[in-house]
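Structural description and commentary
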Amino acid sequence: MPKISTPSYVKGILREKGYAIKKRFGQNFLVDQNYVDRIVAAADLSPTDWVLEIGPGLGVLTHEMAVQAGQVVALEIDRELAGILQETLEAPNVHIVECDALQVDWREVLQGRGWRGGAVKLVANLPYYITTPLIMKALESGLPFEALVVMVQREVADRMVADPGSKDYGVLSLAVQYYSQAEIVTRVPRSVFYPPPEVDSAVVKLVPRPPAVTAPQDELFQVIRAAFQQRRKTIRNSLKALADAWELSGDDLDAALHEAEIGAELRGERLSLNDFSRLTEALIKRC
Ligand code: SAM
């Protein structure tokens, strides 16, 4: 097997197969072994692991993971690329599935390849156009993910790990914190991709855990989304429409804010996950 994480291999195979890169599928191939190694090391693979890879492309990560993991199930939307990978990757423990990763039922796909319900790791150099829905799908899937190691745009990585009060803090930060412990593994310059994307990237590792707060999830995220709909509004004004929808009066809203010990004039971006949880519970009590 030639060294595939190099610009010359990637350009060569694309030329040989007459393949034209499809921008609409976010195709930026990783061409630096150093970053391949860092991503795979962050996943901390062992021979019994099942890995779900999204968007294997030409297989730089897939190839490395086939050596270190037990089974790799790789979902690729592009029929041509899936075909090239089938031809070039000689690894019996890799299952290439041609599909849209956002549309398919991952549990069914895994079960169809012999998975029996044990821990799974998700590893991906994600196509940028599906980053957030894909991460939310993984976090909300209920699958026993032990870790998610994903390459995303740097700006999205910053939002994922942001703390209250920072400019990057928002719904995504709170959703990620609700479901997992998140850390940035490494920043990644655009120069290590072919073709180079327009932005820099970062690798983020999420370790799922039971929700860190007690408020019911649906209502909690209704409150969070309302609080960030217009960032410049105070929390009280942001929640007015939601309170109406829940048939709560202005007095109820004030009382809930008071009970949750949240200043009515604060902005949502100042509130932690715990604050939102207390506030949601105080609102529900008054419904
Ligand atoms: N893993 C390869 C690498 O690191 O070089 C390719 C990464 S490239 C950023 C994203 C890959 O995801 C491409 O192969 C693209 O065709 C594939 N892709 C895009 N949208 C997809 C989707 N909805 N489901 C599955 N694969 C998708």
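Computed from a predicted structure; not experimentally measured.

Leu52, Ile54, Leu75, Trp106, Leu122, Phe276 and Leu279 are the most contacted members of the largest nonpolar core, which has 67 residues in total. Here this core gets seven residues from one element, more than from any other, and that element is helix H9 (residues 217–229). Looking at this core, you find at least three residues from each of domain 1 (7–208) and domain 2 (217–285). Other than its neighbours up to four places away in sequence, Ile54 contacts Leu75, Ala101, Trp106, Leu122, Val123, Ala124, Asn125, Leu126 and Leu134. Core analysis: the next-biggest nonpolar cluster, separate from the first, contains 40 residues, Val36, Ala43, Leu61 and Phe193 among them.

Another point: the site of the ligand. Around the ligand sit 24 residues in total, of which Gly55, Glu76, Asp100, Asn125 and Tyr129 are the nearest. Leu30 is positioned such that a nitrogen or oxygen atom in its backbone is 2.9 Å from an oxygen atom of the ligand. The contact in question runs from a nitrogen atom of the ligand to an N or O atom on the side chain of Tyr129, over 2.8 Å. Bound to the protein, the ligand loses 99% of the 590 Å² it would expose on its own. Mapped by element, the contributors of at least two residues to the shell around the ligand are strand S1 (29–30) and strand S3 (71–76). For the shell around the ligand, a count of residues per class yields 14 nonpolar, six polar and four charged.

This brings us to the domain arrangement of the protein chain. According to the domain assignment, the protein chain contains domain 1 (7–208) and domain 2 (217–285). Inter-centroid distance (C-alpha atoms) of domain 1 to domain 2 is 35 Å. Each partner contributes residues to the interface: domain 1 has twelve residues there, and domain 2 has 14 residues. Regarding the contact of domain 1 and domain 2, the summed buried area is about 1000 Å², with carbon and sulfur atoms giving 66% of it. Of all residues in domain 1, Val171, Leu174 and Tyr178 bury the most surface against domain 2, accounting for 48% of the area lost on that side. Between the two partners, domain 1 and domain 2, sit zero salt bridges. Between the two partners, domain 1 and domain 2, sit four residue pairs in polar contact (both at pLDDT 80 or more).

Pairing between side chains of opposite charge can happen when their charged atoms approach one another. Evaluated as defined, the whole model comprises 18 salt bridges. Taking the shortest distance from any N to any O, the salt bridge between Glu155 and Arg159 comes out at 3.2 Å. One end of the pair, Glu155, and the other, Arg159, are both in helix H7 (residues 154–160), four residues apart, so they sit about a helical turn from each other. What makes Arg159 partly exposed here is its relative accessible area of 29%.

This part covers the pairing of strand S5 (residues 120–125). The buried count for S5 comes to six of six residues, which makes it a mostly enclosed element. Neither face of S5 is left uncovered, since the one carrying Val120, Leu122 and Ala124 and the one carrying Lys121, Val123 and Asn125 both have all their residues buried. Bridge count between strand S2 (residues 50–54) and S5: four bridges; the pairing is parallel. Looking at S5, one finds that Glu53 is bridged to Val123. Bridge count between S5 and strand S6 (residues 145–153): six bridges; the pairing is parallel. In the strand pairing of S6, Leu122 is matched with Leu148.

What counts, and where the lines are drawn
- Residues numbered from 1 in each chain as written.
- Predicted model: local features only at pLDDT ≥ 70, side-chain atom pairs only at ≥ 80, totals over all residues.
- Heavy atoms only, no water.
- Core = buried A, V, L, I, M, F, W, Y, C linked by side-chain atoms within 4.5 Å.
- Buried < 20%, exposed > 50% of the residue type's maximum accessible area, 1.4 Å probe, protein only.
- Helix = DSSP H or I, 4+ residues; strand = E, 2+ residues; numbered from the N terminus.
- Domains from an automatic or database assignment.
- Contact = heavy atoms within 4.5 Å.
- Near = heavy atom within 4 Å.
- Polar contact = N/O pair within 3.5 Å; in protein donor to acceptor, adjacent residues only side chain to side chain.
- Areas by Shrake-Rupley, 256 points an atom, 1.4 Å probe, with all protein chains shown as cover.
- Nonpolar A, V, L, I, M, F, W, Y, C, P; charged D, E, K, R; others polar.
- Buried area = accessible area lost by both parts, 1.4 Å probe.
- Salt bridge = Lys/Arg side-chain N within 4 Å of Asp/Glu carboxyl O.
- Pairing = 2+ DSSP bridges.

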